[in-house]
Amino acid sequence: MTIIKQGNKILICFLFFIPISPAFASHNPIHHELKITLDPSQSMANFYDVITIPRNIVKSISSFRLNKNSEIERVEFSDKKISTENLEDGFLKLDLPQYLEKGLAGPIKLVCIYSIPLPISNGTMETLFLSGADYFYPQPLMKENINQSITFQIKIHSPVGLKAISQGEKLRDILESGKRTVIWKEDKPQEEIFLIADRYHEFSKRYGSITLYAYLLDNDPSLAKKYFKATQFYIDFYSKLIAPYPYRKFALVENSRQTGYGMPSFTLLGS
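Analysis parameters
- Residue numbers run consecutively from 1 along every chain, following the written order of its sequence.
- Local features in a predicted model are, by the rule used here, given only for residues with pLDDT of at least 70; side-chain atom pairs are given and counted only at 80 or more, and totals for whole chains, interfaces and linings are based on all residues.
- Heavy atoms throughout the structure, all of them, feed into the side-chain values; hydrogens and water do not.
- Both site types are read off a 1 Å grid over the protein atoms alone. A 1.4 Å probe that fits but cannot get out defines a cavity, while an open set with protein on both sides within 12 Å along at least five of seven lines defines a pocket; lining residues have an atom within 4 Å of a point.
- Grid points are joined across faces, edges and corners, and a volume is the space filled by probe spheres set on the points.
- Secondary structure follows DSSP: runs of H or I at least 4 residues long count as helices, runs of E at least 2 residues long count as strands, and numbering of each begins at the N terminus.
- The pairing criterion for strands is at least two bridges between them, as found by DSSP.
- With axes taken as lines fitted to C-alpha atoms, and helix axes fitted only over the stretch in contact, angles between N-to-C directions fall between 0 and 180 degrees.
- Exposure classes here rest on a 1.4 Å probe applied to the protein chains alone. A residue is buried below 20% of its type maximum, exposed above 50%, and partly exposed in between.
- By definition, the crossover connecting two strands over a helix is right-handed if that path, from the first strand to the second, turns clockwise as seen with the strands pointing away from the viewer.
- In this tally, Asp and Glu contribute negative charge and Lys and Arg positive charge; neither His nor the terminal groups of the chain are included.
- Any carboxyl oxygen of Asp or Glu within 4 Å of a side-chain nitrogen of Lys or Arg constitutes a salt bridge here.
- In protein, a polar contact requires one atom able to donate a hydrogen and another able to accept it; more generally it is a pair of N or O atoms within 3.5 Å, and residues adjacent in sequence count only if both atoms are side-chain atoms.
- Contacts are assigned to residue pairs that have any heavy atoms within 4.5 Å of one another.
- Only residues whose relative accessible area exceeds 30% and that take part in no salt bridge are eligible for patches, with like-charged residues grouped when within 9 Å of each other and nonpolar side chains (Val, Leu, Ile, Met, Phe, Trp, Tyr) grouped when within 5 Å.
- To be clear on the numbers: accessible area is Shrake-Rupley with a 1.4 Å probe, and residue cover counts the displayed protein chains and nothing else.

**Q** A description of the layout of surface pockets should follow, citing residues and the corresponding values.
**A** Roughly 370 Å³ of volume is contained in the largest pocket. Of the residues forming the lining of the largest pocket, the biggest block, four residues, is contributed by strand β11 (residues 139-142).

Written out as structure tokens, the structure is:
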């Protein structure tokens, strides 16, 4: 995660041409197919995660770890239920049965159904910011010193007024029966998954093959236009200086707290 120093100016330099390390390139990524329901009435998020694990890395994984506050409904590994264990370091441990390693003909699946209490409510809330450090999705504990990459698709169900953002391309954003469903997909290997949510006003604009977004806490079209102008300039500038911009979108996302974070395909900035 890149931390950007914030000044008093509106226009900020965006540095998001993230290269893939050789360690990532030499191992097939783990893929997460996540369905998340954000429930402000219960200050809770429900998760259904289907994790596809490449066969050639199974022996390198000793277990998966999950947020210690998770309430587990079911965990299955290759259609067989497995148990969870509370660790002293504050994680839930999901062990992979070693006998399943033999005779595997293709990728295997780890299915996790669980819920986690989150600081979301129907009243006043701060911007929800989840990263890999929060272990809101299962992460592998590698037997060797390997930086294992991931790809993912996230389908997020939320109340109409709550908008959720992650890396990658937005495939869908629809309203049905008073609920919002948005899908983000990232095929480029990543170090971690981010999830941001708040009651945003959304602005968008096409710039060539890239979709620009501004997610602002206030309905301020003029500010969104200024960010779009700055974004277009820096995409062109760094595309010439480094390489073509590698993602299908760039999003400016406002945070209720004062931050200046840069992630692949979006930035999270304080007001």
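Let's pick the thread back up.
**Q** Mind laying out the sheet that holds strand β16 (residues 195-198), listing which residues take part and the relevant values?
**A** If you walk across this open sheet you meet the three strands as β10-β16-β13, and the pairing is antiparallel. Edge positions in the open sheet fall to β10 (128-130) and β13 (163-165), since each of these has one partner strand only. Strand-to-strand, the axes of this sheet are offset by a mean angle of 15 degrees, without reference to chain direction. Across three bridges, β10 lies against β16 in antiparallel orientation. Bridge pairing in β16 places Leu130 opposite Leu195.

**Q** Could you give me a rundown of the pairing of strand β19 (residues 249-255), with the residues and numbers involved?
**A** Summarising burial for β19: seven of the seven residues are buried, a large majority. With burial as the criterion, each face of β19 is covered, one bearing Lys249, Ala251, Val253 and Asn255 and the other bearing Phe250, Leu252 and Glu254. Direction of pairing for strand β18 (residues 210-216) relative to β19: parallel, over a ladder of five bridges. Paired with Tyr213 across the strands is Ala251, a residue of β19. In the classification by handedness, the crossover that spans β18, the intervening helix α2 (residues 221-241) and the parallel β19 is left-handed. Strand direction decides the pairing type here: β19 and strand β21 (residues 266-270), joined by five bridges, are parallel. Note on β21: the bridge partner recorded for Asn255 is Gly270.

**Q** Got a sec to walk through the environment of Asn145? Specific residues and values, please.
**A** If you trace the backbone, Asn145 turns up in the loop between β11 and β12 (150-159). We classify Asn145 as exposed; its relative accessible area is 80%. With 85 residues separating them in the primary sequence, Asn145 and Ser60 have C-alpha atoms 9.5 Å apart.

**Q** Could you give an account of the side chain of Glu192, naming the residues involved and the relevant values?
**A** The residue Glu192 is located in the loop between β15 (179-190) and β16 in this model. At 14 Å, Lys249 is the nearest oppositely charged side chain to Glu192, a buried residue that forms no salt bridge. Only 2.8 Å separates the side chain of Glu192 from the backbone nitrogen of Gly132, close enough to count as a polar contact. Ignoring sequence-local partners within four residues, the contact set of Glu192 consists of Ser131, Gly132, Ala133, Tyr137, Ile150, Phe152 and Gln167.

**Q** Outline a nonpolar patch on the surface, listing residues and values.
**A** A cluster of nonpolar side chains, Phe233, Phe237, Leu241 and Ile242, forms an exposed patch at the surface whose accessible area comes to about 430 Å². Position of Phe237 relative to the elements: it lies in helix α2.

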